[in-house]
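# Fold and geometry: a report
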Amino acid sequence: MNAYFALRYLNEELKPKVFGSFFSKAVSFQKNLLFLFFDTQNETVKLTFSSDTTRIALFLDNRLSEKKKNSVSFFDDKSGQKVIDVQLDPNDRFIYFEFEDQSSLVFRLFGTDPNVLLVADNKILDSFKNPAQNVGLSKPKPFLSNPPIFSETRGTKLKRVFRAFPKIPRDSVRQLFELYDIDSMKDEQIQDFFLKVEDILINNPEFRVLSDGSFSLLPDSLFPDEKAEKFNTINDAIRVAFFKDRSDFRFRKEIADFKKKLEKQYDRLNRVVEQAENAYKSLERAEQYEQYGNILLANAHLKNVETDTIDLDDLYNPGEKVTIQLKSDLDIAGNAKYYFDKKKKSERSYEVATAYAESVQNELDDIRNLREDVQKIDSKDQWLDFKKEHENNSLFTKHTSNEDTSDSRPFKIIRIGKYEVWIGKNAKSNDEVLRQSHKEDIWMHARGVSGSHVVIRMNKVLHDPDLSLLETVGSWAAWFSKGKGMSLVPVIWTRRKFVRKPKGGAPGAAKVDKENTILVPPIEPENKYYE
């Protein structure tokens, strides 16, 4: 859209429209877009300039509305100035709108800093982008003058063509290299080929928007594309290509963002499965704990010992001794029970991990399929079909919760039966949940992922809540966590007195000294539960 030859033909279309008109205003109400208005006796000519480096463009667009709100104006002191000339620099991609007072608007339509500059006496007086950096500098000079001949260039053949034929659009050069296998040609053949291309662009161009949405001056005879759309004016072709590119850019960005979410989810699920595959270590520990318990139980007749360890005959390896760590505040029988309890916990950890892994493995398989399918998408229509097919997938849905709207509350408050439940809103809110809750309250949190601290207010009741209550509130804790996209989430629960904030820990950080685990599906609380 901003190639030199494109600007040559665009300038020819702009000049009769803008020549003799009076500059009215220039405003911007969208990032990287400047809208310019010129008054004639019969109409207002409207121009759009894009300084977005991915789609530099200038074109007429009479559909443009004169939006007034949230707009910023430019070059106000030139309002009413008559345009006495419109010209393209013979050596570079500058278009000049000359005013009657000998100042001019310079459209720089290339590089990393495309811009509209107000220039007088070869000095920049103002600019659309970065005025603080530009004002006072000299008027920019062209760069494309006197290109070398092809035989004098160095580097790859593609780069040599870029240097020798700088006015031919680079995208067109790349397309021709691929279509005509230019790399296999000799230097003389390449020189002749691109001289002919240059002649075609000067004398017989076609204004087309190709099937991939890109703008092209190459005629169908040189670069065939059955689905390309041909236009009578270059301005119409540029305008259509510009808006199509903006639309396609959003579609490409959506896909890129989705792929990032997909990879993040894949990596997380894969780690869970890998961790679960190592859960057999819990069974190994359970077996060892059981052996320690049995050995201690066989020696329960011994008097209490005040050391941290004890050496006993190993029942499972006759003739050998085994050293067992002891809890000094328990007798031998109490230590045996302690190891039997640890055995049960290890077995439960294994059960939870393997059950969790089974549910995660199905999700991981789904993610793998999504990764394969999304790689095949190469059009906006395919993307829309893909989104519709997977509209219920948590990667697409934006979950909104019925959050408590009272700013005075540092956390959400939900009521279920006779119990009040507190749910943290963020890291600082989690700290408040921890700080304000009672030591006998039930504290819950999704295991292994960030999320809300959830507390069931027990009103100093010492017995544990029913399993059904734990599972319901646990499903809320899973929902308000990074694991809410999974079918099952392990949630730890314990009395608040076993949870503490580490010294110097970040907001929301917590250390748990004693915990239990339940496996629940993430469920959003219904409206009826909110206060």
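Right, let's walk through the structure included here. All values reported here derive from a predicted model rather than from experimental measurement.

## Digging into the pairing of strand β3 (residues 44-50)
- Where burial is concerned, most of β3 is hidden: six out of the seven residues are buried.
- Hairpin connection of strand β2 (residues 33-39) to β3: four residues between the antiparallel strands.
- Here β3 pairs with strand β4 (residues 57-60) via four bridges, running antiparallel. Bridging across to β4, Ser50 finds its partner in Ala57.

## Regarding the sheet that holds strand β5 (residues 72-74)
- Spatially, the five strands line up as an open sheet ordered β4-β3-β2-β1-β5, and their pairing is antiparallel. At either end of the open sheet lies a strand with only one pairing partner, and these are β4 and β5. Looking at each pair of strands side by side, their axes are set apart by 25° on average, direction ignored.
- Against the sheet, helix α1 (residues 4-18) touches β2, β3 and β4, its axis set at about 45° to β4.

## Regarding the pattern of salt bridges
- According to the stated counting rule, one finds 28 salt bridges in the structure shown.
- Here Asp220 ties to Arg208 by a salt bridge, and the two come within 3.3 Å at their closest N and O atoms. Of this pair, Asp220 sits in the loop between β12 (215-216) and β13 (229-231) while Arg208 sits in strand β11 (residues 207-209), and the two are twelve residues apart along the sequence.
- With a relative accessible area of 37%, Asp220 lands in the partly exposed category.
- Looking at Arg208, the relative accessible area reads 3%, which means it is buried.
- Taking the shortest distance from any N to any O, the salt bridge between Lys497 and Glu440 comes out at 3.2 Å. Within this pair, whereas Lys497 is found in the loop between β20 (489-495) and β21 (499-500), its partner Glu440 is found in the loop between α10 (427-436) and β18 (442-446), the two being separated by 57 residues in sequence.
- In this structure Lys497 comes out as partly exposed when scored by relative accessible area, which is 42%.
- One continuous salt-bridge network, built from bridges that share partners, spans Asp52, Arg55, Asp245 and Arg252.

## A closer look at the packing of helix α3 (residues 157-164) against helix α5 (residues 187-203)
- One can describe the packing of α3 onto α5 by two numbers: an axis separation of 12 Å at closest approach and a directional angle of 45°. Accordingly, the angle class assigned to the pair α3 and α5 is oblique. For the pair α3 and α5, the sense of crossing is right-handed. Together, Lys157, Arg160 and Val161 of α3 and Asp187, Ile190 and Phe194 of α5 make up the contact between the two elements.
- In terms of residue class, the contact of α3 with α5 is built from three nonpolar, no polar and three charged.

The rules behind the values
- Residues numbered from 1 in each chain as written.
- Predicted model: local features only at pLDDT ≥ 70, side-chain atom pairs only at ≥ 80, totals over all residues.
- Heavy atoms only, no water.
- Buried < 20%, exposed > 50% of the residue type's maximum accessible area, 1.4 Å probe, protein only.
- Helix = DSSP H or I, 4+ residues; strand = E, 2+ residues; numbered from the N terminus.
- Pairing = 2+ DSSP bridges.
- Axes fitted to C-alpha atoms, helices over the stretch in contact; angles between N-to-C directions.
- Contact = heavy atoms within 4.5 Å.
- Salt bridge = Lys/Arg side-chain N within 4 Å of Asp/Glu carboxyl O.
- Parallel < 35°, antiparallel > 145°, perpendicular 65-115°, else oblique.
- Left-handed = near helix turned anticlockwise from the far one by under 90°.
- Nonpolar A, V, L, I, M, F, W, Y, C, P; charged D, E, K, R; others polar.

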